[in-house]
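The residues making up each chain are set out below.
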Protein chains: 2
Amino acid sequence: MRLASPGDIVLSYAGQKIGHVGRVAEFAFTAPKPEEFGQAGEYWNNEGWLLPIFWTELSPPVRPKDLIDLLRPYFPMKYSPISPETGNGNQKAYLAEVSVEIFKIVAESTSFDQRGLESGGANSLNYEVVVDNIEGAQERSIMAEAGLDETTRLAVVAARRGQGLFRKNVERIENACRLTGITNRSLLIASHIKPWRACKTASERLDGKNGLLLTPDADRLFDRGFITFLDQGEVKVSPRVDGNDLRRLGFAQLVIERFGFAEAPSVWGVGQFQSGQQEFLSYHRSEVFLQ
Amino acid sequence: MRLASPGDIVLSYAGQKIGHVGRVAEFAFTAPKPEEFGQAGEYWNNEGWLLPIFWTELSPPVRPKDLIDLLRPYFPMKYSPISPETGNGNQKAYLAEVSVEIFKIVAESTSFDQRGLESGGANSLNYEVVVDNIEGAQERSIMAEAGLDETTRLAVVAARRGQGLFRKNVERIENACRLTGITNRSLLIASHIKPWRACKTASERLDGKNGLLLTPDADRLFDRGFITFLDQGEVKVSPRVDGNDLRRLGFAQLVIERFGFAEAPSVWGVGQFQSGQQEFLSYHRSEVFLQ
């Protein structure tokens, strides 16, 4: 999931048929298991990665078994999603890389609306929309949660947007953006280190040690996993970010160091994180940061 | 209202008494009239400026009439909020500047909790919280609006966060951030030119000509009125912004030109706005931009 990049083409195989082709819209991000999975997902972890994809229907659907002689040479020997011998699906494969030849053979034996694979315009699916849906559902269930008093419920909901008690708690620990050094409160966002949607409890969502004060650009880069921080305060930049974008956002220094650890200049006001912060940062590095 | 700056001290006078002292928390911003005004605000415009203030109670309240001999020398000759002769209130004054001596005389004749005037910590009132409250109430009334079909209602609500149909409409007109030139969609926000909360109709809220694609920092500066645009595409910077903040946000070029109109370099990808956009920009310059 985490190797997929925006623009990659995906084939969906279920019930022995490839019924849809899709285009990856965004990098995968950490998200709770969708409720729609129901019993089918019972043995899966509650946490995982969500990969937004624009789907387009294949008409008619394609049975790989019918094309197995054509497809056979292009399947990998190991971890193939379809058995090259029998053409049956591999139950253990969830998302596997296949060669572009396989896509061409499938596409030539059916038809679909090309515009479905184009970017922008036609489909409004994006990170913000998907996250807003997930978090909206979580917010409704928090507001209905019997175990929490009203004040806590409202504080947890306000924390979703970095407001209220959560922001106060963060401001007790942090006083400036760790990328720009800005201290002007009206330019700073209280960002969760472990995302609000991934937190399990009210106290995780309200914990000041689970927060940083970041300017809006820095918040966006951190939230999307394009940057992360090491325990000593150094910035780590993902190889998935475009250097020109970083330069235009005013982070030229990060470009120079992008495959290493940027030595944080003193103007950034950084320093070693507290041990409580380090635990959340460790989550961010392994689950949010785009390797 | 619009001359007040964060940190300014305000005295509240009603019923012939000064009952509260406050500290301005944020620059004033455009907002609809609060419903709580009821009949008292019947003849006022529905649109105005909201100035977030941390209030602290005076105990006991102070009657300026009782102190008029002490206060008299410090009241201005024109537009005084209290008549220097009689000590009665001036019904026509809403928010007027008074000398610091008046504050000292009032403060010495009563007591209040000093911490109420300190920044941060104690009080979570800020721009985001106030705007979120206003917009939340508007959203609930839109969801209950009988004249709109369900699809439009949902599109208008999604537009509040720059999503859905509104974003698509903006992307048909704009293709890059007008400050940074960035075209990477995952780094761009679809911002309203005339704020969502100030729009009167669904079509204003969904109109692509009422939008710009901006990177998160640029969106924040534009949304808070720290920058605006002229019809030809030039950036205008408010004298209320701190030059060091602009530099740290990566907008050093704006600092040089901050009291004039920055000549937009070609890399910013700017150009003349369409006439439909110019109408909304004219609103932004007069009602949102901090002079």
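The rules behind the values
Throughout, residues of each chain are indexed from 1 in the direction in which the sequence is written. Chains and ligands are labelled by the order in which they are written, letters from A for the one and numbers from 1 for the other. Residues qualify for local features only when their pLDDT is at least 70, as the model is predicted, and side-chain atom pairs are given and counted only at 80 or more; totals for whole chains, interfaces and linings, by contrast, use all residues. Calculation of side-chain values draws on the structure's entire complement of heavy atoms; hydrogens and water are dropped beforehand. Each helix is a run of H or I in the DSSP string that is no shorter than four residues. Each strand is a run of E no shorter than two, and both are numbered from the N terminus. Each polar contact in these results corresponds to two N or O atoms within 3.5 Å; when the atoms are within protein, one needs to be able to donate a hydrogen and the other to accept it, and residues that are neighboring in sequence are counted only if both atoms are side-chain atoms. Contacts are assigned to residue pairs that have any heavy atoms within 4.5 Å of one another. In superposing the copies, a least-squares fit is computed on C-alpha atoms, taking residues whose pLDDT is at least 70 in both. Here the axes come from fitting lines to C-alpha atoms, over the contacting stretch only for helices, and the angles between their N-to-C directions go from 0 to 180 degrees. Roughly parallel here means an angle under 35 degrees, roughly antiparallel means over 145, roughly perpendicular means 65 to 115, and every remaining angle is called oblique. Buried area adds together the accessible area that both of two parts lose upon being put together, with accessible area traced by a 1.4 Å probe. What counts as a salt bridge is simple: a side-chain nitrogen of Lys or Arg found within 4 Å of a carboxyl oxygen of Asp or Glu. Each residue is assigned to one class: nonpolar for Ala, Val, Leu, Ile, Met, Phe, Trp, Tyr, Cys and Pro, charged for Asp, Glu, Lys and Arg, and polar for all the others, Gly among them.

(A) A look at the side chain of Thr228(A). Residues and elements named next belong to chain A. Positionally, threonine 228 belongs in strand S8 (residues 227–229). Separated by 2.8 Å, the side chains of threonine 228 and histidine 284 make a polar contact. Setting aside anything within four residues of it in sequence, one finds threonine 228 in contact with Phe222, Glu234, Val235, Lys236, His284, Arg285 and Phe289.

(B) How the structure looks around the relation of the copies chain B and chain A. Mapping chain B onto chain A calls for a screw motion: a turn of 180 degrees about the axis and a shift of 0.0 Å along it, with 0.0 Å RMSD after fitting. The operation mapping one copy onto its partner corresponds to a two-fold rotation axis. Measuring from the rotation axis to each C-alpha of chain B, the shortest distance belongs to Gly250(B), at 2.1 Å. Both copies share a contact surface, since 94% of the interface residues of chain B are interface residues in chain A too.

(C) Representation of the packing of helix H3 (residues 127–143) of chain B against helix H4 (residues 150–159) of chain B within the structure. All names here are of chain B. Between H3 and H4, the least distance of the axes is 9 Å, while the angle of their chain directions is 170 degrees. Judged on the interaxial angle alone, H4 and H3 are roughly antiparallel. Judged by residue contacts, Glu139, Ile142 and Met143 of H3 engage Glu150, Arg153, Leu154, Val156 and Val157 from H4.

(D) View of the interface of chain B and chain A. Contacts between the two partners involve 36 residues from chain B and, on the opposite side, 34 residues from chain A. Taken together, the two surfaces of chain B and chain A that pack against each other cover about 2900 Å², and 52% of this comes from carbon and sulfur. Between the two partners, chain B and chain A, sit zero salt bridges. Secondary-structure elements contributing two or more residues to the side of chain B that touches chain A are H3, helix H5 (165–173), helix H7 (216–223) and helix H8 (243–248) of chain B. For the side of chain B that touches chain A, the element with the most residues is H7(B), which contributes four residues. For the side of chain B that touches chain A, the per-class residue count stands at eleven nonpolar, 13 polar and twelve charged.

Everything listed is a geometric property; what it means functionally is a separate question.
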